[in-house]
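Structural overview for review
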Amino acid sequence: MKSDEPRARTTSGSALSHIDRRQRLREVLRAEDLDALLVTDLINIRYLTGFTGSAAALWVAAGDGAEETATVLCTDGRYRTQAAAQVPDLRALIDRRYGAALVALGGRGRAGFESHVVTVDGFDKLAGAAADVELVRAPNRVEKLREVKDDSEVLILERACAAADTALTALIETGGIRPGRTERDVARDLENLMAEHGADGPSFETIVAAGANSAIPHHRPTDAVLADGDFVKIDFGALVAGYHSDMTRTLVLGKIAPWQQEIYDLVLAAQAAGRQALAPGASLRDVDAAARDVIGAAGYGENFGHGLGHGVGLQIHEAPGIGSTATGTLLAGSAVTVEPGVYLPDRGGVRIEDTLVVRPDGPELLTRFPKELTVID
């Protein structure tokens, strides 16, 4: 399958997806001789249950018992109705002690807790409620599961990417990017168009960087005015049902200068090399090197100062990180970005970024706005 072809997929209901995710977690817990995991990260709770409230904890027992006894969601009275609606298959405990209440309820055994999330004071509360429960550090267990997207997640990511693609197309077609407008004007219009095309909001603060500002990787939009001859770098994404898209395109206003064409073609070639390197089992460092070596060979290595990409899903930046110091390998089903750039201080810069899913038969491209240089006359 080529990366620009849509992939056929099937998905069961979201409730079943959450049950499957909890079962995968139980397998991890049993392999580590843990009797349960206390989940306190709200994004991880959403991933495992579908609950979107702002205060909760989740107890996932490792045994194969019935769901209503193996998993308990704890929240407070504000979310009683919401929990019943969003997570009707699980027992809900209403208690403002959240994690401590679940630990007290958990009984005996070895219970992991998200030590990368729990504060020192928070741990003291858990330990005070533990009684016969031994608390064991268990960081990033759910995050590791989240690296691999199931079909229901990819379908939502497709919707988020499509909202962004369509919004940028509409912005260009309606003259929203032109000399005389400000970076803030363009960013505001693009975010509004994403909402009109199905987004719940932007994935993050939209980056619009014109002229010399395009050499700043994470420039924040200002009242700087777009002018003929500018690079206009736009890094943006759409948020749909909790999932984020991420895409960067760099455009030119008016006639393109030779130096602009040179670095654009270079970044385009590097981005293609990075995409082609995406494969299950590929070293994260090797994927980064595939793109970075293209830029380095052209003499611009010092002008590419960030990692090649990152995972994307319920968070805009999540595992895995793809960079020169990264460890580990890519997993089939991971959703990642590939975003090399070349930045020339006080002149301008180019970044080209896509969101893709790692597949055994080649990466699946989710962001489809053309990567060929768009020149706006």
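Quick caveat, the model's predicted, so the values are computed rather than measured. (Residues numbered from 1 in each chain as written. Predicted model: local features only at pLDDT ≥ 70, side-chain atom pairs only at ≥ 80, totals over all residues. Heavy atoms only, no water.)

**Topic: the overall build of the chain**
Along the backbone of the chain there are 11 helices and 20 strands. Relative to the 2.2 N^0.38 estimate, which gives 21 Å for 377 residues, the radius of gyration of the chain is 23 Å and therefore close to what a compact globule would have. With respect to the principal axes defined by its C-alpha atoms, the chain has extents near 70 × 40 × 40 Å. Across the 377 residues that make up the chain, the buried fraction comes to 54%. (Helix = DSSP H or I, 4+ residues; strand = E, 2+ residues; numbered from the N terminus. Rg over C-alpha atoms; globule rule 2.2 N^0.38 Å. Buried < 20%, exposed > 50% of the residue type's maximum accessible area, 1.4 Å probe, protein only.)

**Examining the pairing of strand β8 (residues 207-210)**
Here β8 shows two buried faces, one formed by I207 and A209 and the other by V208 and A210. In this structure, β8 lies alongside strand β9 (residues 231-236), joined through 4 bridges in antiparallel fashion. The partner of I207 across the bridge, within β9, is D235. (Pairing = 2+ DSSP bridges.)

**Describing the packing of aromatic side chains**
Taken as a whole and judged by the stated rule, the model has 3 aromatic pairs. Each ring, one from F51 and one from Y79, has its centre 5.9 Å from the other, and the planes form 90°; the classification is edge-to-face. In this pair, F51 sits in the loop between α2 (42-49) and β2 (57-61) while Y79 sits in the loop between β3 (71-75) and α4 (80-86), placing the two residues 28 residues apart along the sequence. For the pair formed by F51 and Y79, the shared burial category is buried. The ring of W259 carries the charged tip of R347 above its face, separated from the ring centre by 4.3 Å. (Phe/Tyr/Trp six-rings, centres within 6.5 Å; stacked < 30°, edge-to-face > 60°. Lys NZ or Arg CZ within 6 Å of the ring centre and 35° of its normal.)

**What to know about the UniProt feature "domain: Peptidase M24" (unreviewed entry) in the chain**
UniProt records the feature "domain: Peptidase M24" (unreviewed entry) for residues 157-359 in the present numbering. Secondary structure content for residues 157-359 is 32% helix and 24% strand, and the end C-alpha separation is 15 Å. (UniProt positions renumbered as here; feature names shortened; annotations may be inferred.)

**Some points on the sheet that holds β2**
Taken in spatial order, the 6 strands of this open sheet run β4-β3-β2-β1-β5-β6, and their pairing is mixed. Each edge of the open sheet is held by one strand with a lone partner, namely β4 (91-94) and β6 (133-137). With strand direction ignored, the average angle separating the axes of adjacent strands in the sheet is 25°. Two elements, β2 and β3, share 4 bridges in a ladder whose sense is antiparallel. Counterpart to A57 in the pairing with β3 is C74. Strands β1 (36-39), β2 and β3 of the sheet are contacted by α2, whose axis makes an angle of about 50° with β2. Packing of helix α5 (residues 99-106) onto the sheet brings it into contact with β1, β2, β3, β4 and β6, and relative to β2 it is tilted by some 25°. (Axes fitted to C-alpha atoms, helices over the stretch in contact; angles between N-to-C directions. Contact = heavy atoms within 4.5 Å.)

**With respect to the environment of D124**
Structurally, D124 can be placed in helix α6 (residues 120-130). Residue classification places D124 among the partly exposed positions, given a relative accessible area of 49%. As a C-alpha pair, D124 and A100 span 24 residues in sequence and 9.5 Å in three-dimensional space.

**What about the pattern of salt bridges?**
Counted according to the given criterion, the structure contains 22 salt bridges. Salt-bridge contacts for R181 lead to D189; the nearest nitrogen and oxygen are separated by 2.7 Å. Taking relative accessible area as the criterion, R181 reaches 14% and is therefore assigned buried. Between D354 and K371 there is a salt bridge, with the nearest N and O atoms lying 2.9 Å from each other. Of this pair, D354 sits in strand β18 (residues 354-357) while K371 sits in the loop between β19 (364-365) and β20 (375-376), and the two are 17 residues apart along the sequence. Of the two residues, D354 and K371, both sit in the buried class. (Salt bridge = Lys/Arg side-chain N within 4 Å of Asp/Glu carboxyl O.)

**Observations concerning the domain arrangement of the chain**
The assigned domain composition of the chain is domain 1 (18-146) and domain 2 (148-365). Relative to domain 2, the C-alpha centre of domain 1 lies at a distance of 35 Å. At the interface, 8 residues of domain 1 touch 12 residues of domain 2. When domain 1 packs against domain 2, the two sides together hide about 810 Å² of surface, and 41% of this comes from carbon and sulfur. For the pair domain 1 and domain 2, the number of links is 3 salt bridges. Connecting domain 1 to domain 2 are 7 residue pairs in polar contact (both at pLDDT 80 or more). For the side of domain 1 that touches domain 2, the elements supplying multiple residues, two or more each, are α1 (14-31), α2 and α7 (141-146). Class assignment of the residues belonging to the side of domain 1 that touches domain 2 gives a composition of 3 nonpolar, no polar and 5 charged. (Domains from an automatic or database assignment. Buried area = accessible area lost by both parts, 1.4 Å probe. Polar contact = N/O pair within 3.5 Å; in protein donor to acceptor, adjacent residues only side chain to side chain. Nonpolar A, V, L, I, M, F, W, Y, C, P; charged D, E, K, R; others polar.)

**Some remarks on the sheet that holds β20**
With mixed pairing, 4 strands are arranged side by side in an open sheet as β8-β9-β12-β20. Only two strands of the sheet have a single partner each, and these edge strands are β8 and β20.

**Concerning the pairing of β4**
For β3 and β4, the ladder comprises 4 bridges, and the chain directions are parallel. Pairing of C74 across the sheet is with L93, part of β4.

**With respect to the environment of R285**
On the secondary structure map, R285 appears in helix α11 (residues 284-297). For R285, a relative accessible area of 42% corresponds to the partly exposed category. Leaving out residues up to four positions away in the same chain, R285 has contacts with G323, S324, T325, A326 and T327.

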